[in-house]
Amino acid sequence: MNNRKIKLALTVGLMNAEASNNAIYFVKEVMQGFQEVGAFLGSVLKDKSTLNSNHIRQTYAVQFENCTVNVDLVSNPNSQYQYVQGFQLN
């Protein structure tokens, strides 16, 4: 599996994506473009914490047969905006 190519595609795609889009769905779509990651198995909320009255930090594990992408999101539930704080490909 070419981790470098996958990380680059995710980084560029997330930088160009709008903040109001569903980031987890976007990660799933980008990853499914790579055959070596295998089939999509699901996504799981691993951690959730309140940063302040308007922002929530969430960590999701987006699971595929051959790898997992851990995505850290900061979201505003009032405006429905999501910002990817970072991700790790395992």
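Analysis parameters
- Residues numbered from 1 in each chain as written.
- Predicted model: local features only at pLDDT ≥ 70, side-chain atom pairs only at ≥ 80, totals over all residues.
- Heavy atoms only, no water.
- Helix = DSSP H or I, 4+ residues; strand = E, 2+ residues; numbered from the N terminus.
- Rg over C-alpha atoms; globule rule 2.2 N^0.38 Å.
- Contact = heavy atoms within 4.5 Å.
- Areas by Shrake-Rupley, 256 points an atom, 1.4 Å probe, with all protein chains shown as cover.
- Pairing = 2+ DSSP bridges.
- Expected span 1.5 Å × (residues − 1).
- Buried < 20%, exposed > 50% of the residue type's maximum accessible area, 1.4 Å probe, protein only.
- Arc of directions from axis to C-beta.
- Core = buried A, V, L, I, M, F, W, Y, C linked by side-chain atoms within 4.5 Å.
- Phe/Tyr/Trp six-rings, centres within 6.5 Å; stacked < 30°, edge-to-face > 60°.
- Lys NZ or Arg CZ within 6 Å of the ring centre and 35° of its normal.
- Salt bridge = Lys/Arg side-chain N within 4 Å of Asp/Glu carboxyl O.

1. Considerations on the overall build of the chain
- Assigned secondary structure in the chain consists of two helices and four strands.
- Since a compact globule built from 90 residues should have a radius of gyration of about 12 Å, the 13 Å found for the chain is in line with a globular shape.
- Sequence separation of at least 24 residues holds for 38% of the intrachain contacts in the chain that already meet a minimum separation of 6.
- For the chain, the accessible surface area stands at approximately 5,600 Å², while carbon and sulfur atoms represent 45% of it.

2. A closer look at the pairing of strand β4 (residues 81-89)
- Bridge analysis of strand β3 (residues 68-76) against β4 gives eight bridges, and the strand direction is antiparallel. Considered in β4, the bridge of S75 is made with Q82.
- Where β3 folds back onto β4 in an antiparallel hairpin, the turn is made up of four residues, including Q80, whose phi is positive at roughly 70 degrees.

3. Things to note about helix α1 (residues 3-16)
- End to end, α1 covers 20 Å across 14 residues, agreeing with the expected 20 Å (1.5 Å per residue, within 8%).
- Turning to α1, its buried residues are I6, L10, G13 and L14. The arc that holds every buried residue of α1, seen down its axis, measures 95 degrees, which confines them to one face. With respect to the buried face of α1, the exposed residues turned more than 90 degrees away are R4, K5, L8, M15 and N16.
- For α1, the elements touching its buried residues are α2 (23-31), β3 and β4.

4. Some remarks on the nonpolar core
- With 18 residues, the main nonpolar core has V27, M31 and V69 as its most contacted residues.
- For this core, the elements supplying multiple residues, two or more each, are α1, α2, β2 (55-64) and β3.
- At five residues, α2 tops the list of elements feeding residues into this core.
- Residues within four places of V69 in sequence aside, it is in contact with L10, V27, M31, Y60, A61, V62, F87, Q88 and L89.

5. Remarks on the packing of aromatic side chains
- On inspection of all chains with the given rule, the structure shows two aromatic pairs.
- Ring centres 6.4 Å apart and planes at 15 degrees place the aromatic pair Y81 and Y83 in the stacked group.
- By relative accessible area, Y83 is classed as partly exposed at 46%.
- Over the aromatic face of F40 sits the side chain of K28, whose NZ or CZ is 4.7 Å from the ring centroid.

6. Some details on the pattern of salt bridges
- Enumeration over the complete set of coordinates arrives at one salt bridge.
- For D72, the salt bridge identified is with R57, shortest N-O distance 3.6 Å. Here R57 lies in strand β2 and D72 lies in strand β3, a separation of 15 residues in the sequence.

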